[in-house]
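# Structural characterization, general
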Amino acid sequence: MSNTDSFIDEVTEEVRRDRLFVLLKRYGWLGGVAVALIVGGTAWREYTNAQSRNAAESLGDALIAATAIDDSAARAQELSQIPTDTAGSALLVRLSEATALVDAGEPEKAITLLEEVASNGDLALIYRHLASFKALTLQVGSLAIEERRLRLDALAQPGAPLALLASEQIALLDIESGDTAAALSRLTAIAADAAVDQDQRERVLQLITALGGDTSAL
């Protein structure tokens, strides 16, 4: 019985080997294709990573060279000539260019650039809101209070990235409009918010004190 079992096992093993050999002959090329795909994918990933690194380095060099220019107008002009191929690189260049334009005494051009960034749906919400916020701060003397309030309200919605900063600006509009009670209420809410950073909290507390409010509970 033992010899019979051993014989059966050997035959079974031979059959398995024969089947494996047939399968390898029939489908072995798939393994070669898989290896080629893996190697090719790795090579392509390394190539694209290298391209991305080169593009980032070129952008960084161009930004450094442009921002090193002392004359603000010339700096803005140089920044406007930097080529960008992604939304992220365009963001860096446009924000730098807007800053240079403000320094050069051309806030209207800066506002136009910032509003273009704010309307770019390819960018993350925080960057769009940041550009919109910066544009509004440049329009304090040229945009009616009602229009500024309307735009700031959109940035001050709960959960928005710059909600507390926008809310602080609305409080300043309340002060400008003579509505001290509304300003105090808004400033108190900002100071009590768990998400407020220390610098803004101190600034808000100073405003509350200047308006005659009570900060003891805060």
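Above this note sits the structure.
Residues numbered from 1 in each chain as written. Predicted model: local features only at pLDDT ≥ 70, side-chain atom pairs only at ≥ 80, totals over all residues. Heavy atoms only, no water.

## A few points about the overall build of the chain
Applicable threshold: Helix numbers and strand numbers start at the N terminus; a helix is a DSSP run of H or I with at least 4 residues, a strand a run of E with at least 2. Three exposure classes are used, based on accessible area relative to the maximum for each residue type with a 1.4 Å probe and protein chains only: buried under 20%, partly exposed in between, and exposed over 50%. It only takes one pair of heavy atoms within 4.5 Å for two residues to be counted as in contact. For every accessible area listed, the method is Shrake-Rupley and the probe measures 1.4 Å; residues are considered covered only by the protein chains on display.
Secondary structure summary: the chain contains 9 helices and 0 strands in total. Counting every position in the chain, which comprises 218 residues, the buried fraction comes to 26%. Sequence separation of 24 or more characterises 42% of the internal contacts of the chain that already satisfy a separation of 6 or more. About 13800 Å² of surface is accessible on the chain, with carbon and sulfur atoms providing 57% of the total.

## Description of the side chain of Arg94
Operational definition: N or O atoms closer than or at 3.5 Å make up a polar contact, with two conditions inside protein: a donor-capable atom paired with an acceptor-capable one, and, for residues adjacent in sequence, both atoms drawn from side chains.
With respect to the helices and strands, the residue Arg94 is situated in helix α3 (residues 87–103). Look at Arg94 and you get buried, because its relative accessible area is 17%. In this structure the side chain of Arg94 is engaged in a polar contact, spanning 3.5 Å, whose partner is the backbone oxygen of Leu79.

## Some details on the environment of Ala171
Structurally, the position occupied by Ala171 is in helix α7 (residues 163–177). Along the sequence, Ala171 and Ser185 sit 14 residues apart, while their C-alpha atoms lie 8.6 Å from each other. Those residues in contact with Ala171 that lie beyond four places of it in its chain are Ala183, Arg186 and Leu187.

## Digging into helix α4 (residues 107–118)
Counted only if it meets this: What a helix is expected to span follows from its residue count: subtract one and scale by 1.5 Å.
Spanning 12 residues, α4 covers 16 Å between terminal C-alpha atoms, matching the ideal 16 Å at 1.5 Å per step. On its buried side, α4 packs onto α3 and α5 (125–137).

## A few points about the nonpolar core
Test applied: In these notes, a set of buried Ala, Val, Leu, Ile, Met, Phe, Trp, Tyr and Cys residues joined through side-chain atoms within 4.5 Å is what counts as a nonpolar core.
Core analysis: the biggest nonpolar cluster contains 20 residues, and Leu63, Leu79, Ile82 and Leu114 have the highest contact counts within it. When contributions to this core are tallied by element, the ones reaching two or more residues are α1 (2–67), α2 (72–80), α3, α4 and α5. Excluding residues within four positions of it along the chain, Ile82 makes contact with Leu59, Ala62, Leu63, Ala66 and Val93.

## So, the packing of α5 against helix α6 (residues 145–155)
What counts here: Here an angle of 0 to 180 degrees is reported between the N-to-C directions of two axes, which are lines fitted to C-alpha atoms, with helices fitted over the stretch in contact. Should an angle lie under 35 degrees it is considered roughly parallel, over 145 roughly antiparallel, and from 65 to 115 roughly perpendicular; all remaining angles are considered oblique. Two helices that cross are described as forming a left-handed crossing if the nearer one is turned anticlockwise from the farther one by less than a right angle, and a right-handed crossing if clockwise. Under the grouping applied here, Gly and all other residues not named as nonpolar or charged are polar, the nonpolar ones being Ala, Val, Leu, Ile, Met, Phe, Trp, Tyr, Cys and Pro and the charged ones Asp, Glu, Lys and Arg.
The interhelical angle for the contact between α5 and α6, taken along N-to-C directions, is 155°, at an axis separation of 11 Å. Of the possible angle classes, the one that applies to α5 and α6 is roughly antiparallel. Read as a crossing pair, α5 and α6 show a hand that is left-handed. Residues His129, Ser132, Phe133 and Leu136 of α5 pack against Arg148, Arg151, Leu152, Ala154 and Leu155 of α6. Taken together, the residues of the contact of α5 with α6 sort by class into 5 nonpolar, 2 polar and 2 charged.

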